[in-house]
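# Chain and residue survey
Single-letter residue listing:
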Amino acid sequence: MSGPLILAVESSCDETGVALVEGGRRIHANVVASQVALHAATGGIVPEVAARAHLRWIVPVMDEALSTAGASLEDVDAVAVTYGPGLAGSLLVGINAAKAVAWAQRKPLVPVNHLEGHVYAGWLLDPGAGEHDAPSFPLVGLVVSGGHTFLVEMRDHLTYRLLGQTVDDAAGEAFDKVGRLLGLGYPGGPAISRAAESAVARDRVFPRAWMGDSFDLSFSGLKTAARRIIGQARSDAGLSPDEREGSLPAAIVAELAWGFQDSVVDVLVTKTMRAVDETRARGVLLGGGVAANAELRARIADEVEARGLALAIPRPGLCTDNGAMIGAAGARRLEAGVLAGLDLDARPSLPLAT
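Read on for an overview of the structure. (Residues numbered from 1 in each chain as written. Predicted model: local features only at pLDDT ≥ 70, side-chain atom pairs only at ≥ 80, totals over all residues. Heavy atoms only, no water.)

Another aspect to go through is the overall build of the chain. Within the chain one finds 11 helices and 10 strands. In terms of C-alpha radius of gyration, the chain reaches 20 Å, essentially the compact-globule figure of 20 Å for 354 residues. Reported as C-alpha extents along the three principal axes, the dimensions of the chain are approximately 65 × 45 × 35 Å. Each of the 354 residues in the chain was classed as buried or not, and the buried ones make up 53%. In the chain, once contacts between residues fewer than 6 apart in sequence are set aside, the share between residues at least 24 apart is 73%. (Helix = DSSP H or I, 4+ residues; strand = E, 2+ residues; numbered from the N terminus. Rg over C-alpha atoms; globule rule 2.2 N^0.38 Å. Buried < 20%, exposed > 50% of the residue type's maximum accessible area, 1.4 Å probe, protein only. Contact = heavy atoms within 4.5 Å.)

The next thing to look at is the state of the cysteines. Tallied over the full model, the rule gives 0 disulfides. Cysteine Cys13 remains unbridged, with the sulfur of Cys319 as its closest cysteine sulfur at 16 Å. Under the relative-accessibility criterion, Cys319 is labelled buried at 0%. (Disulfide = S-S within 2.5 Å.)

Moving on, we get to the sheet that holds strand E3 (residues 26-34). Read across the sheet, 5 strands follow the order E3-E2-E1-E4-E5 without closing on themselves; strand pairing throughout is mixed. Two strands bound the open sheet, and with one partner strand each, they are E3 and strand E5 (109-113). Strand-to-strand twist across the sheet, computed as the mean angle between neighbouring axes with direction ignored, equals 20 degrees. The strands touched by helix H3 (residues 88-105) within the sheet are strand E1 (5-10), strand E4 (78-84) and E5, with E4 carrying the most contacts at an inclination of about 160 degrees. (Pairing = 2+ DSSP bridges. Axes fitted to C-alpha atoms, helices over the stretch in contact; angles between N-to-C directions.)

Attention now moves to the sheet that holds strand E8 (residues 159-165). On the basis of which strands lie adjacent, the open sheet formed by 5 strands has the order E8-E7-E6-E9-E10 and mixed pairing. Either end of the sheet is taken by a strand with one partner, and the two such strands are E8 and strand E10 (310-312). Taking each pair of neighbouring strands and ignoring which way they run, the sheet shows an average axis angle of 20 degrees. Where strand E6 (residues 139-144) meets strand E9 (residues 283-287), 5 bridges bridge the pair, whose relative direction is parallel.

This brings us to helix H7 (residues 220-236). Its 17 residues give H7 an end-to-end C-alpha distance of 25 Å, which sits within 8% of 24 Å, the value for a rise of 1.5 Å per residue. Where H7 is concerned, the buried positions are Leu222, Lys223, Ala225, Ala226, Ile229, Ile230, Ala233 and Arg234. Residues of H7 that are buried sit in contact with helix H5 (171-181) and helix H8 (250-279). Immediately beyond the C-terminal end of H7, within one or two residues, lies Gly238, with a positive phi of roughly 75 degrees. (Expected span 1.5 Å × (residues − 1).)

Across the 5 residues that make up E9, a large majority, 5, are buried. In this sheet, E10 lies alongside E9 in parallel orientation, the contact comprising 3 bridges. Residue pairing for E10: Val284 is matched across the bridge by Leu311. The handedness of the E9 to E10 crossover, carried by helix H9 (residues 294-307), is right-handed. (Right-handed = clockwise from strand over helix to strand, strands pointing away.)

Taken as a whole, this structure holds 17 salt bridges when the rule is applied. Taking the shortest distance from any N to any O, the salt bridge between Arg155 and Glu153 comes out at 2.7 Å. Since its relative accessible area comes to 6%, Glu153 is described here as buried. The residue Asp169 makes a salt bridge to Lys223 at a minimum N-O spacing of 3.0 Å. With a gap of 54 residues between them, Asp169 in the loop between E8 and H5 and Lys223 in helix H7 connect regions that are remote in the sequence. Three or more residues are tied together by salt bridges with common partners; here these are Arg208, Asp262, Asp266, Glu295 and Arg299. (Salt bridge = Lys/Arg side-chain N within 4 Å of Asp/Glu carboxyl O.)

In the contact formed by H8 and H9, the axes pass within 10 Å of each other and the chain directions differ by 30 degrees. In terms of axis orientation, H8 runs roughly parallel to H9. Between H8 and H9 the crossing geometry is right-handed. Here Gln261, Asp262, Val265, Asp266, Leu268, Val269, Thr272, Met273 and Asp277 of H8 come into contact with H9, specifically with Glu295, Leu296, Arg299, Ile300, Glu303, Val304 and Arg307. Looking at the contact of H8 with H9 residue by residue, the classes come out as 7 nonpolar, 2 polar and 7 charged. (Parallel < 35°, antiparallel > 145°, perpendicular 65-115°, else oblique. Left-handed = near helix turned anticlockwise from the far one by under 90°. Nonpolar A, V, L, I, M, F, W, Y, C, P; charged D, E, K, R; others polar.)

Most of E6 is tucked away, with 6 of its 6 residues classed as buried. Judged by which residues are buried, E6 turns out to be covered on both faces: Leu139, Gly141 and Val143 on one side and Val140, Leu142 and Val144 on the other are all buried. The sheet contact formed by E6 and strand E7 (residues 149-156) spans 6 bridges and is antiparallel. In the strand pairing of E7, Val144 is matched with Thr149. In this antiparallel pair of consecutive strands, E6 and E7, the connection spans 4 residues.

For the structure on display, the rule yields 4 aromatic pairs. Seen in terms of ring centroids, Trp123 and Phe137 are 6.0 Å apart; in terms of plane orientation they differ by 35 degrees. Their pairing is tilted. Of the two residues, Trp123 is situated in the loop between helix H4 (114-120) and E6 and Phe137 in the loop between H4 and E6; the sequence distance between them amounts to 14 residues. An identical accessibility class is assigned to Trp123 and Phe137; each is buried. An aromatic cluster of three or more residues is present, and its members are Tyr120, Trp123 and Phe137. (Phe/Tyr/Trp six-rings, centres within 6.5 Å; stacked < 30°, edge-to-face > 60°.)

Here you go:
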């Protein structure tokens, strides 16, 4: 494989990621410093704490990435960095680190949309992994994370038509909220997935918000319903409504976790496959942190296989925020001539690039 070697920096939320990616596909290094343990005590991300942690880790993570790849800054052809959307303080740490490298090494600076990074994670190849075909156009992409949930149609690189998006809360945020209600801690997505695996009865039914014939999504009402359903389960078990005062039996937690997860996955998969049918897409691409959910991956895979279509799902470690996905998207932006100056600023509410 050949192509530009991109040094990519990701710091949009609570993961400090630096990667070296060749040709927009081959990963040479992908180092991530996670803040999960740091934010577990508050059950969610504290922006100021996250920004300070990025300051602590950005240089060591970059050094480790270069060492892992056996490369130096002189070997890099361009520097790509997330400039939005995300937390302003967190974004600025990565942007300023990338600017410093680009200026000192006289390398092009490539601005990358974080959401586009999740899309292009589907093109990545791990070190030493065999070649496989890149996702084929036209395709439908579903990006599901803690802050974003949307469906897009792609008919070529860097070309997006928004089909639908959440009108309120993201799916990942709903997982976090319900995880706390169930006493499973933070982050809620992986905890709910693990708990649901041990469910036996699997007959708990949570509501679905179908939003009519649109491809839009909604999870706010589901969170409200989950609070009511879990509250009733606690009452039936003789517990206080406050989840901090006593825990439900593990078997009941598992059933509730399965019911909630089933509701979210059902809506996501059904809407995605309806979008595929209506756009006549040749494949499906799944990305974002919630794309690491085993049930979602399995249900999407079954539906895609039944239609004889192609499927691109990054391995779980590439679904969550990381620098490699920014390197993949950055290579495409570099090829298209999209560069930034040293006045590049954070765009916390940046929409998906068009």
